[in-house]
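# Report on the structure
If you want the building blocks of each chain, they are given just below.
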Amino acid sequence: MTATPPPTVLIFAPLDPTGAMYLPADAISCAAVGCHALSIVTASHVQDTTHTEQITLTAPDILYDQMRCLLEDMSVHSIKAGPIYSIDTASVLAQIAADYPDLPLVLHLQSIPDDSILSNNADVDEITDAICQLVVPQADLVVADQTLLMQWQADGLLPEQNNPINSLLDCGTEWVFCSLPQPESVTVLHQLYNQDGLQQQWQSPVPSARLQDTEGLLSTNICAFLAKGLPMAEACAAAIHHIHDAIPHAFQAGMGARIINQGLNRN
């Protein structure tokens, strides 16, 4: 008997050798909710659980050719991208996304590392501008920490006269998902916006210990649930629930932050 193929998610992300973030953590996250992950390695990190020493970018022509190979060969149901470290990487992703407009694209925004560890000659502001001008308009959902957006606004990368969430929506994305710890509270507020404003919000407990990249895992899980056919708000709710269930199973692998055990079967 031929098995029914699972929904497929194309992961466009750097390689974290600790397995805590990005690839291969994103692939494990997809498998944990019943999806199959394809991988485009946009960069390779030299790092441990405490810090990153060096980031080496993958040549843009290799990124482009690998994405084309996969998309022309396999049935892909969604794309998760981020973080993005160069103008060329942003350009490749934007070209592919424009050619496949029916594929949901979830973009995880993060701060750009400085040139002391990143093998890239472009200015950080120029990379951020390329992401906002090229990739954000192609994204169905942008996942971003509100603190990062406020910093980009303070640095002049987003219009000062506008709410930073509205700035992303004005760039062309359909949805924005933000997480924000509540002052003097033990909860994190998750909010989902579209052009009509705030559509839904959820609260989840603040983890008792410092964890690696809960926001990145949230964005991957949202993308996986979109691949399974859930509407946007339901995909976000399912991802929040899944991460909340996974957090108690985090483990200490090294001297840095704890790692969420995405591969543990909690059913």
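Each remark here, short or long, concerns the structure printed above.
Let me begin by describing the structure that accompanies this report.

We now examine the overall build of the protein. A tally of helices and strands in the protein yields eight helices and nine strands. For 267 residues, the compact-globule estimate of 2.2 N^0.38 gives 18 Å, and the protein sits close to it at 17 Å. Considering only C-alpha atoms, the protein reaches an extent of 55 × 45 × 40 Å along its principal axes. Taken across its 267 residues, the protein has 49% of its residues classed as buried. When contacts within the protein are restricted to residue pairs at least 6 apart in sequence, long-range pairs at least 24 apart make up 67% of them. Carbon and sulfur atoms provide 50% of the accessible area of the protein, an area that totals close to 12200 Å².

Enumeration according to the criterion identifies two salt bridges in this entry. For Asp26, the salt bridge identified is with Lys80, shortest N-O distance 2.9 Å. In this pair, Asp26 is assigned in helix H1 (residues 22-32) and Lys80 in strand S4 (residues 78-81), connecting sequence segments 54 residues apart. Relative accessible area serves as the criterion here: at 1%, Lys80 is assigned to the buried category. Ionic pairing is found between Arg68 and Asp99, a salt bridge with its closest N-O pair at 2.3 Å. Placement of the pair is Arg68 in helix H2 (residues 60-73) and Asp99 in helix H3 (residues 87-99), with a sequence separation of 31 residues. Accessibility expressed as a relative area gives 15% for Arg68, which makes it buried.

Bringing the nonpolar core into the picture now. Membership of the largest hydrophobic core comes to 81 residues, with the highest contact counts inside it found for Leu10, Leu107, Leu109, Ile131, Leu141, Phe177 and Ile222. The biggest single contributor to this core is helix H7 (residues 214-227), with eight residues. Each residue touching Ile131, except ones within four places of it in the same chain, is listed here: Ile84, Ala90, Leu107, Leu109, Ile112 and Val136.

Here Leu180 shows up in strand S7 (residues 175-181). In sequence terms Leu180 and Ile62 are 118 residues apart; their C-alpha atoms lie 36 Å from each other.

Procedures and definitions
- Residues numbered from 1 in each chain as written.
- Predicted model: local features only at pLDDT ≥ 70, side-chain atom pairs only at ≥ 80, totals over all residues.
- Heavy atoms only, no water.
- Helix = DSSP H or I, 4+ residues; strand = E, 2+ residues; numbered from the N terminus.
- Rg over C-alpha atoms; globule rule 2.2 N^0.38 Å.
- Buried < 20%, exposed > 50% of the residue type's maximum accessible area, 1.4 Å probe, protein only.
- Contact = heavy atoms within 4.5 Å.
- Areas by Shrake-Rupley, 256 points an atom, 1.4 Å probe, with all protein chains shown as cover.
- Salt bridge = Lys/Arg side-chain N within 4 Å of Asp/Glu carboxyl O.
- Core = buried A, V, L, I, M, F, W, Y, C linked by side-chain atoms within 4.5 Å.

Everything listed here is a matter of geometry and, on its own, says nothing about what the molecule does.
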